[in-house]
Amino acid sequence: MAGSGSPSEPGSWFERWDERGLAVACLVAVCGSATAALFGLSAAWQMPFLFTAVYAILRTLVPLTASHRELGSLRAEVERLRHDFDQVNSSRIEHYPDAASFYRAATDYLVTRDTRHLDTWYMRIGTPDDFSESTAPFADYFQAVLDWAAAGGSVKRLFCIGTSRAHTRWTAQHREETRHLRSYSIREVTWPIKADLMSMAIMDTSAVFLAFTVGDRVQGMRIEDTEAASYFKSYFDRHWENARDVPRAPAA
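Our subject in this report is the structure included herewith. Given the structure is predicted, the values throughout are model-derived calculations rather than measurements.

1. Structural notes on unusual backbone geometry
Right, on to step 1. Look at Asp204: it is not a glycine, yet its phi comes out positive at around 55°.
Right, on to step 2. Locating Asp204 in the fold gives a position in the loop between strand E5 (199-203) and strand E6 (207-214).
Right, on to step 3. Classification of Asp204 as partly exposed rests on a relative accessible area of 28%.
Right, on to step 4. In this structure, Thr205 is a non-glycine residue whose phi angle is positive, near 50°.
Right, on to step 5. Position of Thr205 among the secondary structure elements: in the loop between E5 and E6.

The structure is reproduced here in C-alpha cells:
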C-alpha cells in the first residue's frame, strides 16, 4: 500500500554510508598492501594501509554508531522505569523510637513544610500539662502549634478527656487562654478508658503523625501519603462532628 512504508530509524542513513565507507577502506587497504608488496615499496609507504586495515577491523568488531543509539535507548528506558517506580512508591514511612524524635519531627514538619491546616487529637490519661512536665519535646510541640495558629495556621484540636474534673477544668481553661486565636478550634469527647490511646496529627492531608504510648515510653511514625492521610482525615472528621464544643470557664 502507498504510504505504508515505515520511516527509517535515526542514524540509518549515516550507518549505510559508514558501512560503505568501511568496505571501500578495506578494499583500499588490501589493494594498497598488495601494490606495495608487488613493487617492493618501503614499510613507510605501507603504514597508511596498515592503519586503515586496523581501523576497519576494529570498526567491524565494535559497531560504535549502533552502540551509541542502543545506549541512548537504554538510558531513556531507565528514566521511564525510574519515573514509574516513583509513581508507585510515592508514600514514605518514617519511624521514631522515642518521644523526643517524634515531637521534634512533628514540629519541624509543621513549621517548615508550608503546612496550612492541622487536625490533631490528644488522647491520654493525663492532661497536656501533666504530659508536658515529663516530656519536654511535647511541650515544645504543643506550644509550636499555638504559635503556628497565631501566625495564621488553621487548627482543629480534639481532646479526649477522662471522667475526672481535672480534665474538664483543663480544657475549659485552655479554651479561655486560646480564645484570641481565631483559627484555633477545640472540642472534647469523653472516653473513660484507663489507657492512653493513639494520638495523631494530620497535616494538610499529606502527612500523618501517629504516637503510641506504652507506659512511660512514646513511639511514633510518620506516613507521607495523600491516600492514607485522607483515611485518617475522614476518621478524624467523624469524631469531630460528634464531639462537643468546650464551654467557657465559669466566672470566679
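2. What to know about the pattern of salt bridges
Right, on to step 1. This model, assessed by the stated rule, comprises 10 salt bridges.
Right, on to step 2. Put simply, Arg92 and Glu94 hold a salt bridge, and the shortest N to O gap is 3.2 Å.
Right, on to step 3. Exposure remark for Glu94: the relative accessible area of 28% places this residue in the partly exposed category.
Right, on to step 4. Residue Arg113 is joined to Glu224 by a salt bridge in which the shortest nitrogen-to-oxygen separation is 3.5 Å. Here Arg113, found in the loop between helix H4 (99-112) and strand E2 (117-122), pairs with Glu224, found in strand E7 (residues 217-224); they are 111 residues apart in sequence, far enough to count as distant.
Right, on to step 5. The exposure class assigned to Glu224 is buried, which follows from its relative accessible area of 16%.
Right, on to step 6. Beyond isolated ion pairs, a larger network of salt bridges with shared partners links Arg92, Glu94, Arg113, Arg222 and Glu224.

Parameters and conventions
- Residues numbered from 1 in each chain as written.
- Predicted model: local features only at pLDDT ≥ 70, side-chain atom pairs only at ≥ 80, totals over all residues.
- Heavy atoms only, no water.
- Helix = DSSP H or I, 4+ residues; strand = E, 2+ residues; numbered from the N terminus.
- Buried < 20%, exposed > 50% of the residue type's maximum accessible area, 1.4 Å probe, protein only.
- Salt bridge = Lys/Arg side-chain N within 4 Å of Asp/Glu carboxyl O.

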